[in-house]
Amino acid sequence: MTVLVFIGSLLGAMALGMPIAFALLSCGVALMVHLDNFDTQILAQNLLEGANSYPLMAVPFFMLAGELMNAGGLSRRIIALAQSLVGHVRGGLGYVAIIAALVMASISGSAVADTAALAAILVPMMRRAGYDVPRSCGLIASGGIIAPVIPPSIGFVVFGVAGGVSVTKLFLAGIVPGVLMGVVLWATWWFCARRDAPPVAEARFDAGVALRALRDGVWALVLPVVIIGGMKLGVFTPTEAAVVAAVYSLLVGGLVYHELRWRELPRLMLAAAKTSSVVMFLVACALVSAWLITVAQIPQEVSELLRPLLEHKILLMMAMMALVVVVGTALDFMPTVLILTPVLMPMVKLAGIDPVYFGVLFIMNNAIGLLTPPVGTVLNVVAGVGREDLGRVTRGVLPFLTAQTLLLLLFVLFPALVMVPARWFY
């Protein structure tokens, strides 16, 4: 009965058009009433404590770093460097998109921000060069979802807080899976480019141009090394890494590249604050529900339903990943993470599954959900920025969506692919 109250109140609030954050809050109130434990003071206290988290402070700083990176010219230089290296081969602009997505993912941690930046620069270039535009948009969207998996990932920060898992370990464990997502995209684009990409232009690789692009973009390439190296060596925490990323992007964009105008800072800070406030309020409301989910013993009830699978870790992981896929088609990335984490984590621990391993696959699965309609936030962003019909972009993304899903399945079947490389970085 408690599970029905939880699901019914949440879906009912969403069906009425209530924003996800308020739907989660209403769900919490419904659970309190059902448990005959309604107390506005407890509700307010948990709401405040939900956002009062040191690791969550990384979110606004990584958001600000992304804004500063785009405004300060770091994104454009990353794309220019990638183009100087592979722009001369057939389908070269697609490979540029993949390389740029990997590098930008290691700076901002936001799929939407990275996708918007890539689409704004590359879609017009690919359209002028004669590429299949829906397929190109699908590739850029698929590259954008690498951001939640490669550190610094905002998704890992939120999951770590909600699930009580080390954010630093999640960051380091996400490196190899994120790179493999790029490798899979590269292979898929190679097959697509044989048919969809225009013939190779007469331009050839120019070592001089590549060296100049490298020299111009080296400041942008240093930032991922600083962030990952600093966490690996214990110099700073993920939250401190976010501050370092924001300050570094500010100084490089303003003092080195001279593209960031100081008068733009209030606008960029306001944009980052607006996005961050949505995430923070969502987290606060979700953690109210998470507390009540624990009090109502919903995880125990769900565990009883899945108890036959507890002895079979791979089957349990497949069942949980299938649940995330279903929920991810209806909900956006962050609500899915916040709703399912407190429900699934007790089962993960009970089955003896490494929480870091589960966290990497869970976030990767939710990132893939950003490509699935009807919500498909990243898909909508690339369609809007690229001025392309959403239906055509959805068809264009299918080969890349399939490839990423098969990679996720491979990680489920062979956990060592995630955990063995992760221990190299611990």
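Residues numbered from 1 in each chain as written. Predicted model: local features only at pLDDT ≥ 70, side-chain atom pairs only at ≥ 80, totals over all residues. Heavy atoms only, no water.

## Points about the overall build of the chain
Scanning the chain from terminus to terminus reveals 21 helices and zero strands. Taking 426 residues into account, the globule formula puts the C-alpha radius of gyration at 22 Å, and the chain, at 22 Å, falls close to it. A principal-axis box enclosing the C-alpha atoms of the chain has dimensions of 75 × 45 × 45 Å. With 426 residues in all, the chain has 54% of them scored as buried. For the chain, long-range pairs separated by at least 24 residues make up 79% of all intrachain contacts whose partners lie at least 6 apart in sequence. Approximately 17600 Å² of the chain is accessible, and the part contributed by carbon and sulfur atoms is 68%. (Helix = DSSP H or I, 4+ residues; strand = E, 2+ residues; numbered from the N terminus. Rg over C-alpha atoms; globule rule 2.2 N^0.38 Å. Buried < 20%, exposed > 50% of the residue type's maximum accessible area, 1.4 Å probe, protein only. Contact = heavy atoms within 4.5 Å. Areas by Shrake-Rupley, 256 points an atom, 1.4 Å probe, with all protein chains shown as cover.)

## Here we look at the packing of aromatic side chains
Tallied over the entire structure, the rule returns eight aromatic pairs. With centroids separated by 5.6 Å and ring planes inclined at 50°, the aromatic side chains of Phe159 and Phe362 adopt a geometry described as tilted. On the criterion of sequence distance, the pair formed by Phe159 in helix 9 (residues 154-163) and Phe362 in helix 18 (residues 355-369) is long-range, its members being 203 residues apart. Across the pair, exposure class does not vary: Phe159 and Phe362 are buried alike. Relative to Phe191, the ring of Trp190 has its centre 4.9 Å away and its plane inclined at 80°; by these criteria the two rings are edge-to-face. (Phe/Tyr/Trp six-rings, centres within 6.5 Å; stacked < 30°, edge-to-face > 60°.)

## Examining the side chain of Arg135
Relative to the assigned elements, Arg135 resides in helix 8 (residues 133-144). By relative accessible area, Arg135 is classed as buried at 13%. For Arg135, the side chain forms a polar contact with the main-chain oxygen of Gly396, separated by 3.0 Å. (Polar contact = N/O pair within 3.5 Å; in protein donor to acceptor, adjacent residues only side chain to side chain.)

## Considering the side chain of Thr115
Among the structural elements, Thr115 can be located in helix 7 (residues 111-128). A polar side-chain atom of Thr115 sits 2.7 Å from the main-chain carbonyl oxygen of Ala111. Residues in contact with Thr115, not counting those within four places in the same chain, are Ile140, Ala141, Gly144, Val378, Val381 and Val382.

## Focus: helix 13 (residues 238-256)
Look at helix 13: 25 Å from first C-alpha to last across 19 residues, which is about the 27 Å you get at 1.5 Å a residue. Residues of helix 13 that are buried: Pro238, Thr239, Ala241, Ala242, Ala245, Ala246, Tyr248, Ser249, Val252, Gly253 and Gly254. Contact partners of the buried residues in helix 13: helix 4 (58-71), helix 5 (74-86), helix 10 (167-173) and helix 12 (207-232). Of the residues trailing helix 13, His258 is marked for its positive phi of about 55°. (Expected span 1.5 Å × (residues − 1).)

## Topic: unusual backbone geometry
With an omega of 0°, the peptide bond between Pro151 and Pro152 qualifies as cis. In this fold, Pro152 is placed in the loop between helix 8 and helix 9. The backbone of His258 shows a phi angle near 55°, a positive value even though the residue is not glycine. If you trace the backbone, His258 turns up in the loop between helix 13 and helix 14 (265-295).

## A few points about the packing of helix 5 against helix 12
At their nearest, the axes of helix 5 and helix 12 sit 8 Å apart, and the two run at 145° to each other. Viewed along their axes, helix 5 and helix 12 form a crossing whose handedness is left-handed. Counted together, Leu74, Arg77, Ile78, Ala80, Leu81, Ser84 and Leu85 of helix 5 and Val209, Ala210, Ala213, Leu214, Asp216, Gly217, Ala220 and Leu221 of helix 12 form the full contact between these two elements. Residue composition of the contact of helix 5 with helix 12, by class: eleven nonpolar, two polar and two charged. (Axes fitted to C-alpha atoms, helices over the stretch in contact; angles between N-to-C directions. Left-handed = near helix turned anticlockwise from the far one by under 90°. Nonpolar A, V, L, I, M, F, W, Y, C, P; charged D, E, K, R; others polar.)

## Observations regarding the pattern of salt bridges
A complete count under the given rule lists five salt bridges for this structure. The salt bridge involving Arg127 is made with Glu388; its shortest N-O contact spans 3.6 Å. Here Arg127, found in helix 7, pairs with Glu388, found in the loop between helix 19 (377-386) and helix 20 (390-413); they are 261 residues apart in sequence, far enough to count as distant. Classification of Arg127 as partly exposed rests on a relative accessible area of 36%. (Salt bridge = Lys/Arg side-chain N within 4 Å of Asp/Glu carboxyl O.)

## Concerning the nonpolar core
Within soluble globular proteins, side chains that are nonpolar tend to cluster in buried spots. If you look at the biggest cluster of nonpolar residues, it comprises 142 residues, and the most contacted ones within it are Trp189, Phe358 and Leu361. Aside from chain neighbours lying at most four places away, what touches Trp189 is Gly91, Gly94, Tyr95, Ile98, Met126, Tyr131, Arg135, Ser136, Leu139 and Phe400. (Core = buried A, V, L, I, M, F, W, Y, C linked by side-chain atoms within 4.5 Å.)

## Some words on helix 6 (residues 92-108)
When the terminal C-alpha atoms of helix 6 are compared, their 24 Å separation across 17 residues agrees well with the 24 Å that a helix rising 1.5 Å per residue should span. Most of helix 6 sits inside the fold, with 15 of its 17 residues counted as buried. Trailing helix 6 by a residue or two, Gly109 shows a phi angle of about 80°, which is positive.

## Looking at the state of the cysteines
Summed over the entire model, instances satisfying the criterion amount to zero disulfides. Summary of cysteine pairing: Cys137 is not part of a disulfide, and the nearest cysteine sulfur, belonging to Cys192, is at 14 Å. What makes Cys137 buried here is its relative accessible area of 0%. (Disulfide = S-S within 2.5 Å.)

## Some details on a nonpolar patch on the surface
On the surface, Val218, Trp219, Val222, Val226, Val243, Val247, Leu251, Leu255, Val256 and Trp262 cluster together into a nonpolar patch covering about 780 Å² of accessible area. If you list the elements that add at least two residues to the nonpolar patch, you get helix 12 and helix 13. Counting residues per element, the nonpolar patch draws most heavily on helix 13, which supplies five residues. Tracing the backbone through its elements, the reader meets Val243 in helix 13. Classification of Val243 by relative accessible area gives partly exposed; the value is 31%. (Patch = residues over 30% accessible without salt bridge, like charges linked within 9 Å, V, L, I, M, F, W, Y side chains within 5 Å.)

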